[in-house]
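# Structural characterization, general
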Amino acid sequence: MNTAAPAPAGLALAGARAGDGRTGVLDGISLELAPGATLALLGRNGVGKTTLLATIMGHTTLHGGTIRFRGEDITALPAHARCRAGIGFVPQEREIFPSLTVEENLTVAEQPGQWSLGKVYDFFPSLAERRRNHGNQLSGGEQQMLAIGRALMGNPTLLLMDEPLEGLAPVIVDALLAGLDRLKREDELAMLLVEQHARLALEIAPETIVLDRGLIVFAGASRELLEEPQRLAALMGVAAREAHKLKI
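The text that follows walks through the structure, step by step, so that each part is easy to find. Computed from a predicted model, the values in this text were never measured in an experiment. (Residues numbered from 1 in each chain as written. Predicted model: local features only at pLDDT ≥ 70, side-chain atom pairs only at ≥ 80, totals over all residues. Heavy atoms only, no water.)

It is worth spelling out the overall build of the protein at this point. Across its full length, the protein holds 10 helices and 11 strands. Taking 18 Å as the expected radius of gyration for a compact globule of 248 residues, we find that the protein reaches 18 Å, a close match to that expectation. Here the protein holds 248 residues, and 48% of them are scored as buried. Across the protein, contacts joining residues at least 24 apart in sequence account for 70% of those joining residues at least 6 apart. For the protein, the accessible surface area stands at approximately 11,700 Å², while carbon and sulfur atoms represent 50% of it. Taking the 24 positively charged and 29 negatively charged side chains of the protein as two groups, their mean positions are separated by 4 Å. (Helix = DSSP H or I, 4+ residues; strand = E, 2+ residues; numbered from the N terminus. Rg over C-alpha atoms; globule rule 2.2 N^0.38 Å. Buried < 20%, exposed > 50% of the residue type's maximum accessible area, 1.4 Å probe, protein only. Contact = heavy atoms within 4.5 Å. Areas by Shrake-Rupley, 256 points an atom, 1.4 Å probe, with all protein chains shown as cover. Lys, Arg positive; Asp, Glu negative; His and termini not counted. Charge placed at Lys NZ, Arg CZ, Asp CG, Glu CD.)

Now the structure itself:
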């Protein structure tokens, strides 16, 4: 008899079909992400990456399948309830409140837990320096830090990030990469990362899935794609239709 305690439940999608209204984008996505694991989500523009994150967060129309998180079925939960359940979201557009100060942008999302205002300021010192500035007075890099900090203030156990490095100067990219690496090392936080900078995403995440036309066409170790750049290039432009199930 196996007396070992069962592994803690993380995120699990089974046969998820979703899109905008009646329009289908995802065509039967199944994946599992364990607590504390990091997963990269790659693919060409328009293949369903952002829709997948939005579906997990509850911002799309789910046409079929189920979503479970921490052992609970959250398929029918609204977005605000998923946030309270422990899912944080950093959207591609950042969605900073322009009329609020940095500090107000952070505290508006605050929930009890280890991530406090002081810890976010320690994590992103430049935000502490700009705490009294309004959202529309920040650079693109500072806005991205604020978007990540705001998500962390909700004290999630799963963080969804949609292209957090997009349009940023190299020095800011390096700072954010260091921050993500620190999150992996110091915090028991699962991360699902959508990123167009494929090699950077592969270096951050031990496991990767590649989407094409709403299906998973690759699911495996990131090192496989790092060691085979031609295969990576082919997958990023693939038109294959075979779906896979990923368990991390």
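The next subject is the pattern of salt bridges. A full pass over the atoms with the stated rule returns nine salt bridges. Between Arg 185 and Asp 181 there is a salt bridge; the shortest N-O distance is 2.9 Å. Taken together, the positions of Arg 185 and Asp 181, both in helix α7 (residues 170-186) and four residues apart, correspond to about one turn of that helix. Its relative accessible area of 56% is what places Arg 185 among the exposed residues. Under the relative-accessibility criterion, Asp 181 is labelled partly exposed at 35%. (Salt bridge = Lys/Arg side-chain N within 4 Å of Asp/Glu carboxyl O.)

Its identity is not glycine, yet Arg 94 carries a phi of approximately 75°, on the positive side. If you trace the backbone, Arg 94 turns up in the loop between β6 (87-90) and α3 (102-107). On the accessibility criterion, Arg 94 (14% relative accessible area) is buried. Not every positive phi belongs to a glycine, and Asn 155 is a case in point at roughly 50°. One can find Asn 155 in the loop between α6 (140-153) and β7 (158-162). A relative accessible area of 15% means that Asn 155 is categorised as buried.

Take the sheet that holds β6 next. Pairing within the open sheet is mixed, and its six strands lie in the order β6-β7-β8-β3-β9-β10. The sheet is open, and its two edges are formed by β6 and β10 (215-221), each paired on a single side. With strand direction ignored, the average angle separating the axes of adjacent strands in the sheet is 15°. Across six bridges, strand β9 (residues 207-212) lies against β10 in antiparallel orientation. Within β10, the position partnered with Asp 212 by the bridge is Leu 215. (Pairing = 2+ DSSP bridges. Axes fitted to C-alpha atoms, helices over the stretch in contact; angles between N-to-C directions.)

Because the α-helix completes a turn every 3.6 residues, residues three or four places apart line up on one side. Summarising burial for helix α1 (residues 49-57): eight of the nine residues are buried, a large majority. Buried within α1 are the following residues: Lys 49, Thr 51, Leu 52, Leu 53, Ala 54, Thr 55, Ile 56 and Met 57. Just past α1, the residue Gly 58 takes up positive phi, approximately 95°.

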